[in-house]
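Structural overview
Read off the chains here:
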Amino acid sequence: MDFNMKKLASDAGIFFTRAVQFTEEKFGQAEKTELDASFENLLARADSTKNWTEKILRQTEVLLQPNPSARVEEFLYEKLDRKVPSRVTNGELLAQYMAEAASELGPTTPYGKTLIKVSEAEKRLGAAERDFIHAASINFLTPLRNFLEGDWKTISKERRLLQNRRLDLDVCKARLKKAKAAEAKAALWNDEVDKSEQELRVAQTEFDRQAEVTRLLLEGISSTHVNHLRCLHEFVESQTTYYAQCYRHMLDLQKQLGRCPLGSPGSQAQFPGTFVGTTEPASPPLSSTSPTTTAATMPMEPSVAGQAPPGEAALCLEEVAPPASGTRKARVLYDYEAADSSELALLADELITVYSLPGMDPDWLIGERGNKKGKVPVTYLELLS
C-alpha cells in the first residue's frame, strides 16, 4: 500500500512538473528543445494523412450509404462486434413495389407488362449496387479504418511519449542551469550540479531513443500511402464495374421497351466514348499490366454542329439541296434543342426527312421539316425504311 501511494505521489509530481514546464514554454518563460526540420515535416505529413484519410473515409461512407440513420446503425453494430443485418437496396425495394403493382393492376395489360420488365431491371441494378458496396467496403473502407484505428493510434501514443520525454529533458536543462548559477555563489552546490548533469544525460538518452522510435513510425507513412493507393485503384475498379453493369442493364431494358437509342431497329451503330468495367474486383499491381477488361460502348453527345471535323468545310445550309435519291423518313426519339442556327430543333415522335451529304460528320444528318432545314444528331433518330 505504501509503495503504491509513493508511486502515485511520484507520478503526480512528474505530471505537475511537466505541466509547469509546458505552461512556461507557452508564455515564452522557458526554453524549449526544438525538433529538426525533417522531423517536423514528417509530423506535418502524418497529420495531413490522418486528416484527409478521415474525410475521404466519411464521404465514401456517405456515398455508399446516403441514409445517416443507417450509417449510425452500422457503426453501432461494428462497435458491438456484431454482424450488420442485410439491408434491401433502394433499387430492390422499387423492384418489389413495381412487381406487386403489376400483379394487382394486371400483369397482362401493357402497363403491367412494362412494370414487370422495369422491376426486373431495377432488381438487377439493386444487386449490382449491393456488390459494389460490398467490394468497396472490403477493399477501400476497411484498410482506411485499419490505419486510423491501428497505425495512427500507435503513432499518436509514441508522439505523446516523445512530448513527455522532451518536457522531462527541458526540465533537467532548466534544473542544471539553476544549479550552475547557484554554484557560482556557493561551493556547496557542487553535488547538486553533478546530480543535475546525470539527470540531464539520462533524460537526453530517453528523448533521443523515443525520437528515433517516433521517426521510424512517421517514415512508415510512405508505406501507408502506397497501400492506400492500391486500395484506391480497387475502389475505382469496383465502381467502374458497377456503372458498366448499370449501363448494360438499362440498355437491355430500353431494347425490351422498344426505345433503343441506337438508331433504327437491328442497327449496330457505335458511338464515341467507352465505358470500361473490369471482370475482376482485384486491383492491378501499380507497375504492371492492367487486368482483363470488357468494354461497353456508351452513347455520347454528338460533336457540336458548329465545329466541323478537320478537313470538313462548314456547310452553308442555304446552298444545300437534297440529293436526287437517298432521302429517308425518320422518327424523332427524343426532344433536341438546337445549339445554333445551323441545327434543327426536334420534338419527340415527329417525322422528318433526312439525308446525308458527302464529307459530313457521320454522327449528323441534314433534317427537313416543311421549309425548315438544319443539322440533326443521328442518335436522336429512328430511321424508317
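Residues numbered from 1 in each chain as written. Predicted model: local features only at pLDDT ≥ 70, side-chain atom pairs only at ≥ 80, totals over all residues. Heavy atoms only, no water.

Re the pattern of salt bridges
Basically, it comes down to this: What counts as a salt bridge is simple: a side-chain nitrogen of Lys or Arg found within 4 Å of a carboxyl oxygen of Asp or Glu. Segments assigned H or I by DSSP are reported as helices when at least four residues long, segments assigned E as strands when at least two residues long, and all are numbered from the N terminus. Only protein chains enter the area calculation, which uses a 1.4 Å probe; residues under 20% of their type maximum are buried, those over 50% are exposed, and those in between are partly exposed.
Taken as a whole and judged by the stated rule, the model has 14 salt bridges. Measuring nitrogen to oxygen at the nearest pair gives 2.8 Å for the salt bridge that ties Arg175 to Glu199. Of this pair, Arg175 sits in helix α5 (residues 110-183) while Glu199 sits in helix α6 (residues 190-219), and the two are 24 residues apart along the sequence. The class of Arg175 is partly exposed, set by a relative accessible area of 34%. Residue Glu199 is classed as partly exposed on the basis of its relative accessible area of 25%. Of the charged contacts, one joins Glu350 and Arg369 as a salt bridge, the two residues approaching to 2.8 Å between their closest N and O atoms. A residue pair is termed long-range when its members are at least 10 positions apart, and Glu350 in the loop between β3 (328-332) and β4 (351-355) and Arg369 in strand β5 (residues 364-369) qualify at 19 residues. Exposure remark for Arg369: the relative accessible area of 26% places this residue in the partly exposed category.

Here's the deal with the sheet that holds strand β7 (residues 381-383)
We apply this condition: One requirement defines pairing of two strands: DSSP has to find at least two bridges between them. Every axis corresponds to a line fitted to the C-alpha atoms, with the helix fit spanning only the stretch in contact, and the corresponding angles, defined between N-to-C directions, vary from 0 to 180 degrees.
Pairing is antiparallel in the open sheet, where 5 strands are placed in the order β6-β5-β4-β3-β7. Looking at strand neighbours, the two that pair on one side only are β6 (372-377) and β7, the edges of this open sheet. Neighbour-to-neighbour, the strand axes of the sheet open up by a mean angle of 40 degrees, direction not taken into account. Here β4 pairs with β5 via 3 bridges, running antiparallel. By the bridge assignment, Thr353 is partnered in β5 with Glu368.

Notes on the packing of aromatic side chains
Condition: The criterion for an aromatic pair is that two Phe, Tyr or Trp rings (for Trp, the six-membered ring) have centres within 6.5 Å, with stacked assigned to planes under 30 degrees apart, edge-to-face to planes over 60 apart and tilted to the rest. Only lysine NZ and arginine CZ atoms are considered, and such an atom sits over a ring when it is within 6 Å of the ring centre and within 35 degrees of the ring normal.
Scanning all chains against the criterion turns up 8 aromatic pairs. Where Phe140 meets Phe235, the ring centres are 4.8 Å apart and the plane angle is 25 degrees; that geometry is what we call stacked. Remark: Phe235 occurs in helix α7 (residues 221-256) and Phe140 occurs in helix α5; sequence separation between them is 95 residues. Residues Phe140 and Phe235 agree in their burial class; the two are buried. An angle of 40 degrees between the planes, with centres 5.2 Å apart, marks the rings of Tyr242 and Tyr243 as tilted. Taken together through their ring pairs, the aromatic side chains of Phe132, Phe140, Phe235, Tyr242 and Tyr243 make up a single cluster. The ring of Trp52 carries the charged tip of Lys55 above its face, separated from the ring centre by 4.5 Å.

Observations concerning the pairing of β5
Of all 6 residues making up β5, 5 are buried, and the element is well covered by its neighbours. Taken together, the 6 bridges between β5 and β6 define a ladder with antiparallel strand orientation. Residue Trp364 lies in a different strand from β6, and its bridge partner there is Pro377. Hairpin connection of β5 to β6: 2 residues between the antiparallel strands, including Gly370 at a positive phi of 65 degrees.

Remarks on the environment of Glu73
Threshold: Residue contacts follow a heavy-atom distance rule, with two residues in contact if any of their heavy atoms lie within 4.5 Å.
Within the secondary structure, Glu73 is located in helix α3 (residues 68-79). Owing to a relative accessible area of 32%, Glu73 belongs among the partly exposed residues under this scheme. When the C-alpha atoms of Glu73 and Pro85 are compared, they prove to be 9.7 Å apart, with 12 residues separating the residues in sequence. Beyond its immediate stretch of four places on either side in the chain, Glu73 contacts Pro85 and Arg87.

Describing helix α4 (residues 90-105)
Note the threshold: By definition here, a helix of n residues has an expected span of 1.5 Å times n minus one. The arc in question is the one traced by the directions running from the helix axis out to the C-beta atoms.
Along its 16 residues, α4 runs 22 Å from first to last C-alpha, staying within 8% of the 22 Å computed at 1.5 Å per residue. Considered for burial, the residues of α4 that qualify are Gly91, Glu92, Ala95, Met98 and Ala102. Angularly, the buried residues of α4 cover 120 degrees about the axis, an arc narrow enough to put them on a single face. Turned more than 90 degrees from where α4 packs its buried face, Asn90 and Glu104 sit exposed. Two residues or fewer past α4, Gly106 is found with a positive phi of approximately 120 degrees.

Concerning the confidence of the model for the protein
Our working rule: The score called pLDDT rates the predictor's confidence residue by residue, from a low of 0 to a high of 100.
Put simply, the protein has an average pLDDT of 79, and 74% of its residues get 70 or more. Counting interchain partners and residues more than four positions distant, the pLDDT-below-50 stretch residues 260-314 has 91 contacts.

Topic: the side chain of Thr33
For clarity, the cut-off: Two N or O atoms form a polar contact when they lie within 3.5 Å of each other; inside protein one atom must be a possible hydrogen donor and the other a possible acceptor, and for residues adjacent in sequence the pair counts only when both atoms belong to side chains.
In this structure, Thr33 sits in the loop between α1 (2-26) and α2 (37-64). A polar contact of 2.4 Å, which involves the side chain of Thr33, links it to the side chain of Asp170. Among the polar contacts listed, one links the side chain of Thr33 to the side chain of Lys173, at a separation of 2.9 Å. Beyond its immediate stretch of four places on either side in the chain, Thr33 contacts Arg166, Leu169, Asp170, Lys173 and Phe207.

What about the nonpolar core?
Just so we agree on the cut-off: The criterion is simple. A nonpolar core is a set of buried Ala, Val, Leu, Ile, Met, Phe, Trp, Tyr and Cys residues joined through side-chain atoms within 4.5 Å.
If you look at the biggest cluster of nonpolar residues, it comprises 33 residues, and the most contacted ones within it are Phe39, Phe132, Phe140 and Leu218. Counting only elements with at least two residues in this core, the list comes to α2, α5, α6 and α7. In terms of residue count, α5 provides more of this core than any other element does, 16 residues in total. Ignoring sequence-local partners within four residues, the contact set of Phe140 consists of Ile56, Thr60, Ala135, Cys231, Leu232 and Phe235. Listed in part, the 16 residues of the second largest apolar core include Leu346, Met360, Ile366 and Val376.

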